[in-house]
Amino acid sequence: ESRFSDFTLLELKAFEYLASQTKRADIDYVNNKMDKIIDVKLTDLAKLLNINSSYLYAEIDNIVKNLFRKEAELKLLNSQGKIIYRSSRFVNNVDYCDGVFSFRINYEVLNYFVDVTKEFTIINLKWITRLDSIYALKLYKLLKQYEGVKYNTRTFKLVTLKDQLGIIDTFKKY
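Rules and cut-offs
Residues numbered from 1 in each chain as written. Predicted model: local features only at pLDDT ≥ 70, side-chain atom pairs only at ≥ 80, totals over all residues. Heavy atoms only, no water. Helix = DSSP H or I, 4+ residues; strand = E, 2+ residues; numbered from the N terminus. Buried < 20%, exposed > 50% of the residue type's maximum accessible area, 1.4 Å probe, protein only. Contact = heavy atoms within 4.5 Å. Areas by Shrake-Rupley, 256 points an atom, 1.4 Å probe, with all protein chains shown as cover. Pairing = 2+ DSSP bridges. Core = buried A, V, L, I, M, F, W, Y, C linked by side-chain atoms within 4.5 Å. Axes fitted to C-alpha atoms, helices over the stretch in contact; angles between N-to-C directions. Salt bridge = Lys/Arg side-chain N within 4 Å of Asp/Glu carboxyl O. Parallel < 35°, antiparallel > 145°, perpendicular 65-115°, else oblique. Nonpolar A, V, L, I, M, F, W, Y, C, P; charged D, E, K, R; others polar. Polar contact = N/O pair within 3.5 Å; in protein donor to acceptor, adjacent residues only side chain to side chain.

> How should I be thinking about the overall build of the protein in this particular structure?
The helix and strand tally for the protein stands at eight helices and five strands. Each helix and strand of the protein, ordered N terminal to C terminal, gives the series α-α-β-α-α-β-β-β-β-α-α-α-α. Within the span of the protein, comprising 174 residues, buried residues form 37% of the whole. Within the protein, residue pairs in contact and separated by at least 24 positions form 57% of the contacts whose partners lie at least 6 positions apart. Counting every atom, the protein has about 10900 Å² of accessible surface; 50% of that belongs to carbon and sulfur.

> Explain the pairing of strand β5 (residues 100-105) to me, please; I cannot follow it from the model alone.
The side chains of a regular strand alternate between the sheet's two faces. When strand β1 (residues 36-41) meets β5, the two strands line up antiparallel, connected through six bridges. In the strand pairing of β5, Lys41 is matched with Val100. Pairing analysis gives six bridges linking strand β4 (residues 91-97) to β5, with the strands arranged antiparallel. Residue Val91 lies in a different strand from β5, and its bridge partner there is Ile105. With antiparallel pairing between neighbouring strands as the criterion, β4 and β5 make up a hairpin whose turn holds two residues, including Asp98 at a positive phi of roughly 50 degrees.

> Quick question: what am I supposed to make of the nonpolar core here?
Within soluble globular proteins, side chains that are nonpolar tend to cluster in buried spots. Counting residues in hydrophobic clusters, the biggest one holds 38 residues, and the most contacted among them are Leu45, Ile60, Phe90, Phe103 and Phe113. Elements with a contribution of two residues or more to this core: α1 (9-20), β1, α3 (42-49), α4 (56-69), β2 (71-77), β5, α5 (107-119) and α7 (134-144). With seven residues, α1 is the single largest residue contributor to this core. Apart from residues no more than four positions distant in its own chain, Leu45 is found in contact with Ala14, Val40, Ile60, Val64 and Phe101.

> What is the right way to look at the sheet that holds β1 in this model?
Adjacent strands of a sheet pair through backbone hydrogen bonds, lying either parallel or antiparallel. Taking strand neighbours across the sheet as the criterion, the three strands line up as β1-β5-β4 in an open arrangement whose pairing is antiparallel. Each having just a single partner strand, β1 and β4 make up the two edges of the open sheet. Taking the axes of each pair of neighbouring strands and ignoring which way they run, one obtains an average angle of 20 degrees across the sheet. Contacts from α4 reach β4 and β5 within the one sheet, and its direction differs from that of β4 by about 155 degrees.

> Help me out: how do you make sense of the pattern of salt bridges in this one?
Scanning the entire structure with this criterion turns up three salt bridges. Among the salt bridges present, the one from Lys70 reaches Glu11, with a minimum N-O distance of 3.3 Å. Of the two residues, Lys70 is situated in the loop between α4 and β2 and Glu11 in helix α1; the sequence distance between them amounts to 59 residues. With respect to class, Lys70 is no different from Glu11; both count as buried. In this structure, Asp61 and Lys65 form a salt bridge, with 3.2 Å as the shortest nitrogen-oxygen distance. Here Asp61 pairs with Lys65, and both are found in helix α4, just four residues apart, close to one helical turn.

> Is there a simple way to think about the packing of α3 against α4 in this case?
A packed helix pair is summarised by two numbers, namely the angle formed by the two axes and the spacing between the axes. It is at 11 Å that the axes of α3 and α4 come closest, and there the two elements cross at 85 degrees. Taken together, the axes of α3 and α4 lie roughly perpendicular to each other. Where α3 approaches α4, its residues Leu42, Leu45, Ala46 and Leu49 are matched on the opposing element by Leu56, Tyr57, Ile60, Ile63 and Val64. Of the residues in the contact of α3 with α4, the class split is nine nonpolar, no polar and no charged.

> What should I look at first to understand the side chain of Ser88 in this one?
Following the sequence through the fold, Ser88 ends up in strand β3 (residues 83-89). Residue class for Ser88 comes out buried when judged on its relative accessible area of 7%. Within the local environment of Ser88, its side chain forms a polar contact with the side chain of Asn106, the two groups lying 3.4 Å apart.

This is the structure we're talking about:
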């Protein structure tokens, strides 16, 4: 339930793609305090994000630069079992050569990715690429957490839902 409130829809989709490229074995990167490099072809990223070819380079360049600047607010458990919140940049640098982006994923955030693939809901990239709203994507992720749970229901307090969707200061009437 980490928040990515200032991500655009395309940035969040790219982020989810990068997260999906991690495996449990990547815990070795974390244990050795080494960043992981994830290579993504420009054409694959454009296809994943459904970007019009006439705006391809400008749009992808903008998304990649913004991902490099973003920080993620992570909700984690410390060794005493207490909830802590951590802000961390997840991409340490991005290289581009011959149509391939190389994202250097911060090993501390990589730990979060590995935990997600180990303990949490796996998000289906096929479905998130079809969503056309940042709020739809965030809501999809929140609801997927309860897939397979008895009755498949989830109840939110309005303030909690607004916080998760990154709209806490929006729609003040509600």
